[in-house]
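Results of the structural survey
Given next are the chains, with one letter for each unit.
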Amino acid sequence: VAVDAFLGLAGVALGLALGVFLGIAALASGNGDKPTKFLVRVENITKPDTFTALNGAKWSLAFSPGMAVVHTGKAPIFTSGKKDRGQGLEAQAEDGDPGMLAKSLESDKGTKSITVFNTPVGVSGPGPITPGAAYETTISAVPGDRLSMTIMMGQSNDWFYAPAESGIELFKNGKAVSGDISSQIRLWDAGTEVDQEPGVGSDQGPRQKAPNTGKAENSVVRIVQDGKTYSTASSVMRVTIKPVH
């Protein structure tokens, strides 16, 4: 499967505004901390045609547009072992569209800010990140805030990369975190659509005829544990964060 095939995901992204910021709340904390600005970068570190299906077909991995959430709540997006909440995670995990999920989080009391990232670095329009490409976005936070992210595994039915449900600490001992946080990202199954073999399924992003066309699974959100390379996020993506001035 050629890399160009993944541009099917771009159709989903075209409906999203560039550099969207939704529901930005005041970030000042009770003790007057000045918000720290962070640059978050998600890079696709795979190579074209790295993966091989059971039928021998070669396929490449792309990641969809995603979302970054700064929050104080314990589990703003999902709860492991529980069914999807029906607030937009399904559209993110199945079709690479974070818009509905971002909108739903605007009313969440623990959410500080929501950022949709959909345009690869150096590209003029929205779309997925294919091998070698990257997304970048900026967030602001104060001590006590955490970061959650969602991004679709583009060759799946309903899998998405995200940290644990509680998110990633943005400060440790009052100091802003900086560096590679890829090891804190996991591959999750949203439990909303029956899984097909990655890279060849007819109801997966690059091949499905329309969004939300696969068979419903009605299962729970859970970690993907199939032993494949893409199941270890740090093997296929590099996620970094650094304070910027």
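Now for a description of the structure that goes with this document. Bear in mind that the values here come from a model prediction, so they are computed numbers and not experimental data.

Soluble globular proteins: nonpolar side chains tend toward being buried together. Counting 36 residues, the largest nonpolar core has Leu61, Ile139, Tyr161, Leu170, Tyr230, Met237 and Ile241 as its most contacted members. Contributing elements (two or more residues each) for this core: strand E2 (36–44), strand E5 (63–71), strand E7 (134–141), strand E8 (146–153), strand E9 (159–163), strand E14 (185–189), helix H4 (233–236) and strand E16 (237–244). With four residues, the top contributor of residues to this core is E8. Listed in part, the 16 residues of the second largest apolar core include Ile77, Leu89, Leu105 and Val116.

Next up on the list: unusual backbone geometry. At Asp49, a residue that is not glycine, the phi angle is positive and equals roughly 55°. Note that Asp49 resides in the loop between E2 and strand E3 (51–52). Look at Asp49 and you get partly exposed, because its relative accessible area is 36%. Residue Asn218 is not a glycine yet carries a positive backbone phi of 55°. Summarising the element assignment, Asn218 is placed in the loop between E14 and strand E15 (222–223). You can call Asn218 exposed: its relative accessible area is 58%.

To continue, consider the layout of surface pockets. Unoccupied space between atoms shows up once a probe the size of one water molecule is rolled over them. Computed from the structure, the largest pocket encloses a volume of approximately 170 Å³. Taken together, Phe51, Thr52, Ala53, Leu54, Trp59, Glu197, Pro198, Asp226, Lys228, Thr229 and Tyr230 make up the full set of residues lining the largest pocket. When the residues that make up the lining of the largest pocket are grouped by side-chain class, the tally is six nonpolar, two polar and three charged.

Criteria and cut-off values
Residues numbered from 1 in each chain as written. Predicted model: local features only at pLDDT ≥ 70, side-chain atom pairs only at ≥ 80, totals over all residues. Heavy atoms only, no water. Core = buried A, V, L, I, M, F, W, Y, C linked by side-chain atoms within 4.5 Å. Buried < 20%, exposed > 50% of the residue type's maximum accessible area, 1.4 Å probe, protein only. Helix = DSSP H or I, 4+ residues; strand = E, 2+ residues; numbered from the N terminus. 1 Å grid on protein atoms, 1.4 Å probe; cavity = no way out; pocket = protein on both sides within 12 Å on 5 of 7 lines; lining within 4 Å. Points joined across faces, edges and corners; volume = space filled by probe spheres on them. Nonpolar A, V, L, I, M, F, W, Y, C, P; charged D, E, K, R; others polar.

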